[in-house]
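Descriptive analysis of the structure
Take a look at the letters that make up each chain.
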Number of protein chains: 2
Amino acid sequence: MNASMCFIGAGNLATHLSKAIQEKGGNIIQVYSRTTASAKELATKLNTSYTNTVETITDKADVYFIALKDSVVDVVLSQRNFENKLLIHCSGSLPLDVLKKYSDRIGVFYPLQTFSKKRELDFSQIPVFVESNNREIEKKLVSMAETISDSVQVLSSERRKFLHISAVFACNFVNHFYTLSSRVLESKEIPFDVIKPLIMETAQKVQEMAPEQAQTGPAVRFDENIINSHVKELEDLQNYGDLYKLISESIYNLHNKK
Amino acid sequence: MNASMCFIGAGNLATHLSKAIQEKGGNIIQVYSRTTASAKELATKLNTSYTNTVETITDKADVYFIALKDSVVDVVLSQRNFENKLLIHCSGSLPLDVLKKYSDRIGVFYPLQTFSKKRELDFSQIPVFVESNNREIEKKLVSMAETISDSVQVLSSERRKFLHISAVFACNFVNHFYTLSSRVLESKEIPFDVIKPLIMETAQKVQEMAPEQAQTGPAVRFDENIINSHVKELEDLQNYGDLYKLISESIYNLHNKK
């Protein structure tokens, strides 16, 4: 990785990815973020320079990593000339093609993980999915990804989108149910700690068996008494009762229509 | 644990609990299950006797563990006389009182975990919640629980019910979303393996931070473009699009109404 790099975006993903790349010798010469505090925070971690205006994004870099919210990618890129630069976005859902109008040398570098700034991660365990419309660039992306991750695959935009959707289910939605669970406990002053071993075991189970086989609980057993009594208890907790009913039906249907 | 015990029920919970108790010297003299195969399977593991008829449940035991589906507890218990026997049920949602009409000596012994027969578990890491209407029995239950678990608490029926509801959210519903995730991957022939590190990290994060703080993804960022495009892609997959929309709204509302 002897190319010089610029990070456009300084959020959770940019923070973890840029640090992993730098640790393996990557030369990151600038960080851009619209938010000065974020730009400065990440630049400090990387011991490099930063900017908060698109006009002053360096033109000296060979590679630009775009780690922005999908909806602002065009807004930022359209303000600058990236011709002949290698433009790489890190989005799960954006197709490769969105970069076409900004450069001939484009690619995707998508690490599949949930990133929070405060948490350390072992990047070698994070699967990375890359894509390009050019064989040379694809090779370059694979080799770049392999310096930081043990699991690298080439994946098309179409399939990457479904991978992203599956990640929303397995991570974002799952975490929301952890949150609802913690609120239910809170309502009876029971500490969230008691549920942590259950959360770990639930995740560990599906490392070894298919999630269909791991399903337990009143819904899959169709234990109507329990389901109804739980829904009744949740009446006072916003939409929890409705969600409970709906997910229980979904579980029952999935397991009884096979 | 020098009392002689009988297990009424031979499902996932009964299997794990009876093995853990026996390993610590508990004397299990009989297993009952309506299903002969289940009764025999567990009895073989425990090297003890079994029966599949309520009439032939032993009257020689001091302690009876009821590990049945909630809806059949009354059906089974009403067919026998358990007077002066210590009757213990293992349900998250049934109140202690359901046992009152069958004996004066009653209790609850509720291990909070997801049990599958095929998976080995370290019972010492499983929180156990006990209850009785009698101090002596409560003490006995605590000490019995402490022989197999490092985390034992006395908890009322009312609070145990909410604990159970929170477990449905954090385990049963979570596992359903693992299943939906695997189906989404399957629809594009992507192996479930790629999502496993994400599942582990999502669970590990909330061991250290509150789930509210750990929330990531399009819904909490209110990235409408992604949400709408994901929902559109899911049109052909049963109710997945509806669930996606609903959970995303729930995430957004919870995080923006604080």
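Everything discussed here concerns the structure shown above.
Residues numbered from 1 in each chain as written. Chains lettered and ligands numbered in written order. Predicted model: local features only at pLDDT ≥ 70, side-chain atom pairs only at ≥ 80, totals over all residues. Heavy atoms only, no water.

Structural notes on the pattern of salt bridges
All names here are of chain B. Applying the stated criterion across every chain, the model contains 25 salt bridges over all chains. Between Lys60 and Asp59 there is a salt bridge whose closest N-O contact spans 3.4 Å. Taking the shortest distance from any N to any O, the salt bridge between Asp223 and Arg221 comes out at 3.5 Å. Exposure remark for Arg221: the relative accessible area of 39% places this residue in the partly exposed category. (Salt bridge = Lys/Arg side-chain N within 4 Å of Asp/Glu carboxyl O. Buried < 20%, exposed > 50% of the residue type's maximum accessible area, 1.4 Å probe, protein only.)

Here's the deal with the environment of A:Ile190
Following the sequence through the fold, A:Ile190 ends up in the loop between helix H5 (157-187) and helix H6 (196-208). Leaving out residues up to four positions away in the same chain, A:Ile190 has contacts with A:Leu185, B:Arg159 and B:Leu163. (Helix = DSSP H or I, 4+ residues; strand = E, 2+ residues; numbered from the N terminus. Contact = heavy atoms within 4.5 Å.)

So, the interface of chain A and chain B
Many analyses report the size of an interface as the accessible area lost when the parts associate. Each partner contributes to the interface: chain A provides 91 residues, whereas chain B provides 91 residues. At the boundary of chain A with chain B, total buried surface from both sides reaches about 9,100 Å², with 65% on carbon and sulfur atoms. Looking only at chain A, the three residues that lose the most surface to chain B are A:Arg119, A:Phe162 and A:Phe169, adding up to 8% of its buried area. Across the pair B:Lys161 and A:Glu233 runs a salt bridge, and its minimum N-O distance is 3.1 Å. Where chain A packs against chain B, one counts 46 residue pairs in polar contact (both at pLDDT 80 or more). The biggest single contributor to the side of chain A that touches chain B is H5(A), with 28 residues. (Buried area = accessible area lost by both parts, 1.4 Å probe. Polar contact = N/O pair within 3.5 Å; in protein donor to acceptor, adjacent residues only side chain to side chain.)

Focus on helix H5 (residues 157-187) of chain B
All names here are of chain B. With 31 residues, H5 extends 44 Å between its outermost C-alpha atoms, agreeing within 8% with the 45 Å of an ideal straight helix rising 1.5 Å per residue. A maximum bend of about 35° is found in H5 at Val168. A positive backbone phi angle near 55° is found at Glu189, which sits one or two residues after H5. (Expected span 1.5 Å × (residues − 1). Bend = angle between axes of the 7 residues up to and from the residue.)

Honestly, it's all geometry; don't read function into it.
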